[in-house]
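The residues making up each chain are set out below.
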Amino acid sequence: MTLAVQDTAHVVDAANVMRLLPTRPRLLALGEPTHGEHVLLDLRNELFRQLVEQEGYRTIAIESDCLTGLVVDDFVTSGAGSLDEAMARGFSHGWGAFPANRELVRWMRAYNDGRPAAERLRFAGFDGPLEITGAASPRRALSALHAYLAARVDTGLLPCTADTLDRLLGADDGWTSPAAMMDPAESVGQTSEARQLRLLADDLVALLDAQTPQLIAASSRDDWDRARLYGRTAAGLLRYHYWMADTSPSRLARLLGVRDSMMAANLLAVAERGPALVNAHNGHLQRHRSSMRMGGLPLEWWSAGAIVDAHLGEAYAFLATALGTIRHHGVDVPPPDTVEGMLYALPDDRYVVDARWLAAALGDVTPPARVSPWFGYSPLDPAHLGGAEAIVFVRDALAG
């Protein structure tokens, strides 16, 4: 099998990736099996540069807060602010501290310098304003949507005033309390005020849609598109907070599903404006149903990639990334009978491999799944190789 795999293993570059695809997808997603490894981020940067320059991709979307990402988009498209400000304020999850992310943003700004607006690269975060410890207040998104509408439509059409929103929202501390993630009783998501806010958010989003022709004419398509982002985010956050207050056994699965649904909606919106490159964890971009154990419970939900694929079909393509070793986290050489072991036996450091060819070559023989001693690394699922167009394999991730 090693020789057969070697026959379909190629250098990781844009040309070899595109040869594996029947057509140029509108969304081309590059997954990663763990976060924060420098070798994976550097590889992403190089591959995305080539795809921008050779294939005309015009947006780069990463697994980061969709609202804070607007700071980065403003910097790379117009030079607003500074690189330091973009990195400090434009990322969630601590991603702004990674040198490769800084290099990506610096390169995007340099690429756009002097180009007409239609040819500029855009940046997008496509995650919700969510962290492991909890969710943001819906204040920013709701207030921004209301302000956009209030400046452009008849006052009588608005379902409420800004003061009403502020009164119902109350103090942000109630929304952002980390205790609510583990204890539904600490959540404000099902209070009478939160229920009213969900209805108002729905009315504001409906008004935005109903007034589309006037709004685009009175502002711009980009401003209207940003208002849609505010609307999606406000509704998604209120939904997420609602289910944080739930006491049923489905609570955690529902929260995971709401998060990936928010991701999917943001990716579909990104796809509307043209071909885009996406980078996130494999688990968010895969086509099959996601599963994990949390709090001793088995949880299942549909990933953002599965939802997007259901909408876009061949216009969505997924490259799953796998690693051989992460020795600084105790992940040593993979067993030779696993998929990672077969790839690790090849002589060079990184490859792109036709995943569907590999799945067909294995036939009815499903290799054993690799087991990682470190929770932060997710090995390939050999039963779902055919759910990716390609596997990008990196032999070793080094510390530092």
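This structure is a prediction, so every number in the text was calculated from the model and none was measured.

(A) Representation of the overall build of the protein chain. Secondary structure summary: the protein chain contains 18 helices and twelve strands in total. Taking the principal axes of the C-alpha coordinates as reference, the protein chain spans close to 70 × 55 × 40 Å. Within the protein chain, residue pairs in contact and separated by at least 24 positions form 78% of the contacts whose partners lie at least 6 positions apart. By element, 53% of the accessible surface of the protein chain is carried by carbon and sulfur atoms, the whole surface being about 17,200 Å². Charged side chains in the protein chain number 36 positive and 49 negative. The centres of these two groups are separated by 3 Å.

(B) Focus on the pairing of strand E9 (residues 297-301). Examined bridge by bridge, strand E8 (residues 290-294) and E9 share five bridges and lie antiparallel to one another. Directly across from Met292, in E9, lies its bridge partner Leu299. Linking E8 to E9, which pair antiparallel, is a turn of two residues; within it Gly295 sits at a positive phi near 60°.

(C) Region of the structure containing the pattern of salt bridges. Counting across every chain of the model gives 23 salt bridges. Between Arg122 and Asp73 there is a salt bridge, with the nearest N and O atoms lying 2.9 Å from each other. You can see Arg122 sitting in strand E4 (residues 122-127) and its partner Asp73 sitting in helix H4 (residues 69-78), a full 49 residues away along the chain. Asp113 is the partner of Arg109 in a salt bridge, and the nearest nitrogen-oxygen pair spans 3.9 Å. Where salt bridges share partners, they join Asp73, Asp74, Arg122, Asp222 and Arg226 into one cluster.

(D) Structural context of the domain arrangement of the protein chain. Segmenting the protein chain into domains produces domain 1 (1-131 + 264-397) and domain 2 (135-248). Each of domain 1 and domain 2 has a C-alpha centre, and the two are 31 Å apart. If you look at the interface, domain 1 gives 15 residues, while domain 2 gives 15 residues. Counting the surface lost from both domain 1 and domain 2, the interface buries some 1,200 Å², and carbon and sulfur atoms represent 55% of this. Connecting domain 1 to domain 2 are five salt bridges. The shortest N-O distance in the salt bridge between Asp73 and Arg226 comes to 3.9 Å. Inspection of the region where domain 1 meets domain 2 yields five residue pairs in polar contact (both at pLDDT 80 or more). Elements with a contribution of two residues or more to the side of domain 1 that touches domain 2: H4, strand E5 (130-131) and helix H14 (251-272). At four residues, H14 tops the list of elements feeding residues into the side of domain 1 that touches domain 2.

Rules and cut-offs
Residues numbered from 1 in each chain as written. Predicted model: local features only at pLDDT ≥ 70, side-chain atom pairs only at ≥ 80, totals over all residues. Heavy atoms only, no water. Helix = DSSP H or I, 4+ residues; strand = E, 2+ residues; numbered from the N terminus. Contact = heavy atoms within 4.5 Å. Areas by Shrake-Rupley, 256 points an atom, 1.4 Å probe, with all protein chains shown as cover. Lys, Arg positive; Asp, Glu negative; His and termini not counted. Charge placed at Lys NZ, Arg CZ, Asp CG, Glu CD. Pairing = 2+ DSSP bridges. Salt bridge = Lys/Arg side-chain N within 4 Å of Asp/Glu carboxyl O. Domains from an automatic or database assignment. Buried area = accessible area lost by both parts, 1.4 Å probe. Polar contact = N/O pair within 3.5 Å; in protein donor to acceptor, adjacent residues only side chain to side chain.

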